[in-house]
Amino acid sequence: MRFAAIADIHGNCVALQAVLDDVAELGIRDIVNLGDCFSGPLEADRTGDLLLLLDEAATQTVRGNHDRYLLETPPDALAASDRHAHGQMSPRHFEWLRKLPFSMVWRDDVYLCHATPENDNLYWLETVSADGHVTLRPQAEIEALADGIAQSLILCGHSHVARVVRLSDGRLIVNPGSVGQPAYDDDAPVYHKVETGHALASYAVIEKTDKGFVPTLRTVAYDHMAMSRLAAKNDRPDWASALATGRV
């Protein structure tokens, strides 16, 4: 088994296409998508059309927290990134979103969710201190969140931080990083920043070997400055900076 894991596209269709091209060059056909597909000041419509084509090729996708906001929140109550995406999306995109599960087991041995098994808006592998520092979550807390999951490979996204954590029983948790948003700030639970320091699209290639699952974290170059200019045009200087530099 060899497949690609993607997450947190956030409407960045150009980055998504670059990742898909890289996946194809590697000869990989199977892709799992960990959600947060549309939200952002970029190209939710083009992203949606590409994702629908992928869905026809049996790509497996779970719903992210921003995907849920787009379905549950009235447009005038959405935050700026979600509101921009909502205005671009077509009925077929919303119909596709409604069919996505919160989590799923793929090929018996791979568990997929966006953030954690119980909460789509909680970092699994990271914690935020009272003064806004984002660090690796203590091992005991990570393992407590994995309680009850039997699969040997667990995939999550949400934090946009590419990371691999081995549990004490041998299970592996992998966050492939973000395809389309390499940095952001947030005010929950307290104000903090997540910054990769680069403007590349991130994803993971995972192979099952006789020694277990082996992940390779990959980054792909794309025309990030075109997306940065689009974000600036859409009055989002924070996104423009993130897409240009990986910092906000």
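Placed above this text is the structure.
Criteria and cut-off values
Residues numbered from 1 in each chain as written. Predicted model: local features only at pLDDT ≥ 70, side-chain atom pairs only at ≥ 80, totals over all residues. Heavy atoms only, no water. Helix = DSSP H or I, 4+ residues; strand = E, 2+ residues; numbered from the N terminus. Rg over C-alpha atoms; globule rule 2.2 N^0.38 Å. Buried < 20%, exposed > 50% of the residue type's maximum accessible area, 1.4 Å probe, protein only. Areas by Shrake-Rupley, 256 points an atom, 1.4 Å probe, with all protein chains shown as cover. Lys, Arg positive; Asp, Glu negative; His and termini not counted. Charge placed at Lys NZ, Arg CZ, Asp CG, Glu CD. Pairing = 2+ DSSP bridges. Contact = heavy atoms within 4.5 Å. Axes fitted to C-alpha atoms, helices over the stretch in contact; angles between N-to-C directions. 1 Å grid on protein atoms, 1.4 Å probe; cavity = no way out; pocket = protein on both sides within 12 Å on 5 of 7 lines; lining within 4 Å. Points joined across faces, edges and corners; volume = space filled by probe spheres on them. Nonpolar A, V, L, I, M, F, W, Y, C, P; charged D, E, K, R; others polar. Arc of directions from axis to C-beta.

J.: Just checking my understanding: could you explain the overall build of the protein chain for this structure?
T.: When its secondary structure is counted, the protein chain shows eight helices and 14 strands. Against the 2.2 N^0.38 benchmark of 18 Å for 248 residues, the protein chain shows a C-alpha radius of gyration of 17 Å, consistent with a compact globule. Taken along the three principal axes of its C-alpha coordinates, the protein chain extends 50 × 45 × 35 Å. Across the 248 residues of the protein chain, 53% fall into the buried class. When the accessible surface of the protein chain is summed, it comes to about 10800 Å², and 49% of that surface belongs to carbon and sulfur atoms. Taken as two groups, the 22 positive and 35 negative side-chain charges of the protein chain have centres that lie 3 Å from each other.

J.: Sorry if this is basic, but what is going on with the sheet that holds strand β3 (residues 60-61) here?
T.: Paired through their backbone hydrogen bonds, the strands of a sheet run either parallel or antiparallel. Read across the sheet, five strands follow the order β3-β2-β1-β13-β14 without closing on themselves; strand pairing throughout is mixed. At either end of the open sheet lies a strand with only one pairing partner, and these are β3 and β14 (212-220). In this sheet, β3 lies alongside strand β2 (residues 31-33) in parallel orientation, the contact comprising two bridges. Residue pairing in the sheet places Val-32 in a bridge with Gln-60 of β3. Against the sheet, helix α1 (residues 13-25) makes contact with β1 (2-6), β2, β13 (201-209) and β14, and its axis sits at roughly 30° relative to β13, the strand it touches most.

J.: Got a minute to help me understand the layout of surface pockets in this structure?
T.: Where empty space is left can be seen by rolling a probe of water-molecule size over the atoms. Quantified by volume, the largest pocket comes out at close to 700 Å³. In terms of lining residues, the largest pocket is bounded by 33 residues, among which Asn-65, His-66, Tyr-184, Asp-185 and Asp-186 are the most central. For the lining of the largest pocket, the class distribution of residues is 14 nonpolar, ten polar and nine charged.

J.: Even after reading the chapter, I still don't get the sheet that holds strand β9 (residues 163-166), so can you show me in this structure?
T.: Taking strand neighbours across the sheet as the criterion, the five strands line up as β4-β5-β8-β10-β9 in an open arrangement whose pairing is mixed. The open sheet has two edge strands with one neighbour each: β4 (103-106) and β9. Along the sheet, successive strands turn relative to each other by an average axial angle of 20°, direction set aside. As judged from the four bridges shared by β4 and strand β5 (residues 110-113), these two strands associate in the antiparallel manner. Bridging across to β5, Ser-103 finds its partner in Cys-113.

J.: Any chance you could explain helix α7 (residues 224-233) here in plain terms?
T.: Every buried residue belonging to α7 is among Met-227, Ser-228, Leu-230 and Ala-231, and all of these are buried. One side of α7 holds all its buried residues, which, seen down the axis, span an arc of 160°. Projecting away from the buried face of α7 at angles above 90 degrees are the exposed residues Arg-229 and Lys-233. If you follow the buried residues of α7, they end up packed against α1 and α8 (237-245). Phi for Asp-235, located one or two positions after α7, is positive at around 65°.

Bear in mind that shape data such as this cannot, by itself, settle questions of function.
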